[in-house]
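Topology and contacts: notes
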Amino acid sequence: EEGETASRLPNPLFYVFLVVLFMMGVSSYRILERWRGWSGKHFAPLVVAWIVVHDLLEGSPYEFMSGRWTVLRLAPVFGLQDAMTVRNGFGSLPWCTTNNVVTMAFASTDLVMGRFSMPIEEWRKLV
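Conventions used here
- Residues numbered from 1 in each chain as written.
- Predicted model: local features only at pLDDT ≥ 70, side-chain atom pairs only at ≥ 80, totals over all residues.
- Heavy atoms only, no water.
- Helix = DSSP H or I, 4+ residues; strand = E, 2+ residues; numbered from the N terminus.
- Buried < 20%, exposed > 50% of the residue type's maximum accessible area, 1.4 Å probe, protein only.
- Contact = heavy atoms within 4.5 Å.
- Areas by Shrake-Rupley, 256 points an atom, 1.4 Å probe, with all protein chains shown as cover.
- Patch = residues over 30% accessible without salt bridge, like charges linked within 9 Å, V, L, I, M, F, W, Y side chains within 5 Å.
- Salt bridge = Lys/Arg side-chain N within 4 Å of Asp/Glu carboxyl O.

**A word on the overall build of the protein**
Within the protein, the secondary structure is distributed over six helices and zero strands. Starting at the N terminus and walking to the C terminus, you meet the elements of the protein as α-α-α-α-α-α. When each of the 127 residues of the protein is scored for burial, the buried share is 29%. Once local pairs closer than 6 in sequence are excluded, the contacts in the protein between residues at least 24 apart make up 63%. Put simply, the protein shows about 8500 Å² of open surface, and 65% of that area lies on carbon and sulfur atoms.

Below, the structure is given as structure tokens:
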């Protein structure tokens, strides 16, 4: 009975990977936006291709990251999509936790790229 309960408990590693991959998607958006000047029109084909590949893998007869782990394939593209929404769309997301995660990923990416690449208004939000 105890082993059965343990197998139903959430795997902490899964959630760590989920958040990290989401933030990697946001950071990818930020880097390409800053260094390459990419906008939503540049990212749109990437998002569509990513979703199509995910759907093809889901329909595949081969077991590739089966079960709940398949969501990890979508986390980076959702991070990228949310970053586009925050940056070029609504200015904020309707769910506060995700908006805060996107803001943290923007800030950490900007800090890695160098503080001076970050607009002063964004720097003031963090400090």
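**What to know about a nonpolar patch on the surface**
A cluster of nonpolar side chains, contributed by L13, V16, F17, V20 and M24, occupies part of the molecular surface with about 430 Å² of accessible area. Among the structural elements, V20 can be located in helix α2 (residues 12-36). Among the residues examined, V20 registers a relative accessible area of 41% and is labelled partly exposed.

**Some remarks on the side chain of E33**
With respect to the helices and strands, E33 occurs in helix α2. The class of E33 is buried, set by a relative accessible area of 16%. Among all residues touching E33, those that are not within four sequence positions of it are W38 and R87.

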